[in-house]
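# Geometric and topological summary
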Amino acid sequence: MMRLYHCVGARSMRSLWLLYEMGVEFELETLEFSMESLRTPDYLSVSPLGRVPCLVDKEVKLFESGAICQYLCEHYDDGRLYRAPGSSDRIKWLQWIHYAETIAVHGAALVQQKVFIAPKKRSDVVQKLESRRLFLSIKMLEPILSEQKYLLGDSFTAVDTGIGYSIHLAKQFIDTSALTAVEAYYERLISRDAFQRASLVDA
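What counts, and where the lines are drawn
- Residue numbering note: each chain is counted from 1, following its sequence as written.
- With the structure being a predicted model, the display of local features is reserved for residues of pLDDT at least 70 and the display and counting of side-chain atom pairs for 80 or more, all residues being used for whole-chain, interface and lining totals.
- Excluded from the side-chain calculations are hydrogens and water; all other atoms, namely the structure's heavy atoms, are used.
- Any two strands with at least two DSSP bridges between them are considered paired.
- Working definition: helices are DSSP H or I runs of at least four residues, strands are E runs of at least two. Numbering for both runs from the N terminus.
- Axis angles are defined between N-to-C directions and span 0 to 180 degrees, where every axis is a line fitted to C-alpha atoms and, for a helix, only to the segment in contact.
- By definition in these notes, contact holds between two residues if any of their heavy atoms fall within 4.5 Å.
- One fewer than the residue count of a helix, multiplied by 1.5 Å, yields its expected span.
- Any residue under 20% of the maximum accessible area for its type is buried, any over 50% is exposed, and the rest in between are partly exposed; the area is computed with a 1.4 Å probe on protein chains only.
- Directions pointing from the helix axis toward each C-beta atom define the arc.

## Some remarks on the sheet that holds strand 2 (residues 27–31)
Within a beta sheet, neighbouring strands are joined by backbone hydrogen bonds and run either parallel or antiparallel to one another. What the four strands build is an open sheet, ordered 2-1-3-4; its pairing is mixed. Each edge of the open sheet carries a strand with a single partner, namely strand 2 and strand 4 (60–62). Taking the axes of each pair of neighbouring strands and ignoring which way they run, one obtains an average angle of 15 degrees across the sheet. Both strand 1 (residues 3–7) and strand 2 contribute to a ladder of five bridges, which runs parallel. Residue histidine 6 lies in a different strand from strand 2, and its bridge partner there is threonine 30. Lying over the sheet, helix 1 (residues 13–22) contacts strand 1, strand 2 and strand 3 (54–57), oriented at roughly 140 degrees with respect to strand 1. Along the sheet face, helix 4 (residues 65–76) touches strand 3 and strand 4 and points at about 30 degrees away from the line of strand 3.

As structure tokens, this is what we get:
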């Protein structure tokens, strides 16, 4: 059976959310978010850098969340979440899948400052710079979401799990209340059953 390796509080939540949206059967392997847990020989044989998410599906091993999203959609989507080659939305679908990481990388820098760096060694400059970059990367979505419910129009797709998780992460560090369309979008996302299920695991 397919297996997802996940850490509570990590960006692997977006892969977990997507799997719940798809309704496919999988096993969830939750690891402790620590160097000791993620650097064991057993886990490094699955994910060479000792990071999450990692998806194992028979002989397939994937440890990049964008690649996991694309793989799952290509092999398991029922037509709702994927935009295949030839679709008029294909290019936008690909762009938003990968833009999710553009947002998340700034959030990850802030997580690193908060979780892995001792308080006295944290950099106020880094935190201020990454917070600003994080806000601007989300602000870019505001005019788009002012005109449509989701990133590809009125239909929820896999790209909304990636972008939605990145916003979810960002809200731990920055105030997005001035971005009213983004806020409304986020409220739509967190009301979804699959998001709620992933959040319960992630609590």
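## A closer look at helix 6 (residues 124–139)
Over its 16 residues, helix 6 extends 22 Å from the first C-alpha to the last, a length consistent with the 22 Å expected when each residue adds 1.5 Å. All of the buried residues in helix 6 are Glu130, Leu134, Phe135, Ser137 and Ile138. Along the axis of helix 6, the buried positions cluster into a sector of 160 degrees, meaning they face one direction only. More than 90 degrees from the buried face of helix 6, the exposed residues found are Asp124, Val125 and Lys128.

## Here we look at helix 9 (residues 180–190)
Because each turn of an α-helix spans 3.6 residues, side chains separated by three or four positions in sequence point in the same direction. Within the sequence span of helix 9, burial applies to Ala181, Val182, Glu183, Tyr185, Tyr186, Leu189 and Ile190. Its buried side turned inward, helix 9 meets helix 1, helix 6, helix 7 (142–145), helix 8 (158–170) and helix 10 (193–202).

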